[in-house]
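Residue-level structural notes
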Amino acid sequence: MVPFAAIGFVLYPIFSYYVNGEVVPFFLYELPFFDENSITGYIILMLFQGNLLALGVVGAVLAICIFFIFSMYALAISGIFIVHMRELNNMLYDQVSVGIKTDEISLKWKQCMHDHELSTRLINCLDDMFGLMCLVQVMMGIFSICDVMLLVALTDWYPTYFFLLTLFSELSINFIIGHIVELKIDEMYETITSTAWYRLPVVNQKEFRFMLSRQQRPMVLTAYGFYPMNFEAYMSVLRGLYQFFVMIMQYVG
């Protein structure tokens, strides 16, 4: 959605020139000591704003892609752990009828322990690395959406509609990824608790207690520890934005 918003800002000066006969820049601000009514000043202003637009698009897309790729990697490792735990559970139930050896069960259990350690470490790293980014994006996204709502209600600057859609998309992506991570953590916990741990060897039963204890510790993607990135927090943000929009419309009306 970010490139579409950029295209909207780029096309607006062309639209304004052919429809209204006005020469306007990409953004509604001026550079000091430059006259935008002159050809030189207008070219310098457009080059400066075009540079900001390109850097903003690249930075926004890069931040979203890195966050998405790391999150998907953590979710994939967690999914592998769940698959291996279910295979171990089937082996525990079938060890008598099929004749599975204890060494095979111990080997599968070590694989599950390795997967669990890796998945929990990745989820914790996800929160440590991107928690501050999520907080900044959410707070600045809320502020920007409120500002764009004012522009939509009070002006006819058409690129703001694309920008508003982009802001909502970026805000939603962060909360959707956080909600998916939370669901995966709950699935990991349900898989561990549904395992027939009493069929494990005695040594592995002690290790199972440590795994269960580790999984019971709070582990969720947060906005730098201030609030969890899930649908409950997302609904709270949307309610606040809706109240702000209603207040704006009452003021405009």
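Here's a quick rundown of the structure. Just so we're clear, the structure is a prediction, and the values are computed from it rather than from any experiment. (Residues numbered from 1 in each chain as written. Predicted model: local features only at pLDDT ≥ 70, side-chain atom pairs only at ≥ 80, totals over all residues. Heavy atoms only, no water.)

This part takes up the overall build of the protein. Per the secondary structure count, the protein includes 6 helices and 0 strands. Mapped in sequence order, the helices and strands of the protein form the string α-α-α-α-α-α. Its C-alpha atoms give the protein a radius of gyration of 26 Å, clearly above 18 Å, the size a compact globule of 253 residues would have. Dimensions along the principal axes, computed over C-alpha positions, put the protein at roughly 85 × 40 × 30 Å. Put simply, the protein has 253 residues, and 41% of those count as buried. Across the protein, contacts joining residues at least 24 apart in sequence account for 72% of those joining residues at least 6 apart. Summing over all exposed atoms, the protein offers an accessible surface of approximately 14800 Å²; the carbon and sulfur share of this is 67%. Taking the average place of the 12 positive charges on the side chains of the protein and the average place of its 21 negative ones, the gap between the two points comes to 22 Å. (Helix = DSSP H or I, 4+ residues; strand = E, 2+ residues; numbered from the N terminus. Rg over C-alpha atoms; globule rule 2.2 N^0.38 Å. Buried < 20%, exposed > 50% of the residue type's maximum accessible area, 1.4 Å probe, protein only. Contact = heavy atoms within 4.5 Å. Areas by Shrake-Rupley, 256 points an atom, 1.4 Å probe, with all protein chains shown as cover. Lys, Arg positive; Asp, Glu negative; His and termini not counted. Charge placed at Lys NZ, Arg CZ, Asp CG, Glu CD.)

So, on to the layout of surface pockets. Considering only enclosed or pocket space, the largest pocket measures out at about 670 Å³ in volume. As for the largest pocket, its lining consists of 27 residues, of which F9, G56, S144, F163 and L167 are closest to the centre. For the lining of the largest pocket, the secondary-structure elements that each account for two or more residues are α1 (2–20), α2 (39–99), α3 (102–154) and α4 (159–193). No other element matches the 9 residues that α3 contributes to the lining of the largest pocket. Residues belonging to the lining of the largest pocket are distributed by class as follows: 18 nonpolar, 7 polar and 2 charged. (1 Å grid on protein atoms, 1.4 Å probe; cavity = no way out; pocket = protein on both sides within 12 Å on 5 of 7 lines; lining within 4 Å. Points joined across faces, edges and corners; volume = space filled by probe spheres on them. Nonpolar A, V, L, I, M, F, W, Y, C, P; charged D, E, K, R; others polar.)

Here the structure, examined in full by the defined rule, presents 14 aromatic pairs. Seen from their ring centres, W109 and F208 are 6.1 Å apart, and the 40 degrees between their planes marks the pair as tilted. One end of the pair, W109, is in helix α3; the other, F208, is in helix α5 (residues 202–216), and 99 residues separate them in sequence. For the pair W109 and F208, a shared accessibility class is recorded, and that class is buried. An aromatic cluster is defined as three or more aromatic residues linked by ring pairs; in this entry it consists of F9, F27, Y29, W157 and F163. (Phe/Tyr/Trp six-rings, centres within 6.5 Å; stacked < 30°, edge-to-face > 60°.)

Tallying each qualifying case throughout the model produces 0 disulfides. With no disulfide of its own, C146 has C134 as its nearest cysteine by sulfur position, at a separation of 19 Å. (Disulfide = S-S within 2.5 Å.)

Turning to the environment of C65, a few remarks are in order. By secondary structure assignment, the location of C65 is in helix α2. Remark: the alpha-carbon pair of C65 and M247, spanning 182 residues in sequence, is separated by 35 Å.

In total, this model carries 4 salt bridges according to the counting rule given. Salt-bridge contacts for K108 lead to E87; the nearest nitrogen and oxygen are separated by 2.8 Å. Residue K108 is located in helix α3, and its partner E87 is located in helix α2; the two are separated by 21 residues in the primary sequence. What makes K108 buried here is its relative accessible area of 15%. According to the relative accessible area criterion, E87 is partly exposed, its value standing at 35%. Within the structure, one salt-bridge network assembled from shared partners comprises R86, K184 and E187. (Salt bridge = Lys/Arg side-chain N within 4 Å of Asp/Glu carboxyl O.)

Mapped onto the secondary structure, T120 falls in helix α3. Of note is the side chain of T120, whose polar atom sits 3.0 Å from the backbone oxygen of E117. Not counting residues within four places of it along the chain, the set of residues in contact with T120 comprises R214, Q215 and M219. (Polar contact = N/O pair within 3.5 Å; in protein donor to acceptor, adjacent residues only side chain to side chain.)

Here the focus is the packing of α4 against α5. The relative placement of two packed helices comes down to the angle between their axes together with the axis-to-axis distance. Two numbers describe how α4 lies on α5: the axes approach to 10 Å, and their chain directions differ by 155 degrees. What the angle tells us is that α4 and α5 run roughly antiparallel. Every pair of crossing elements has a handedness; the one defined by α4 and α5 is left-handed. Taken together, the residues of α5 that come into contact with α4 (itself represented by I185, M188, Y189, I192 and T193) are F208, M211, L212, Q215 and Q216. The class makeup of the residues in the contact of α4 with α5 is 7 nonpolar, 3 polar and no charged. (Axes fitted to C-alpha atoms, helices over the stretch in contact; angles between N-to-C directions. Parallel < 35°, antiparallel > 145°, perpendicular 65-115°, else oblique. Left-handed = near helix turned anticlockwise from the far one by under 90°.)

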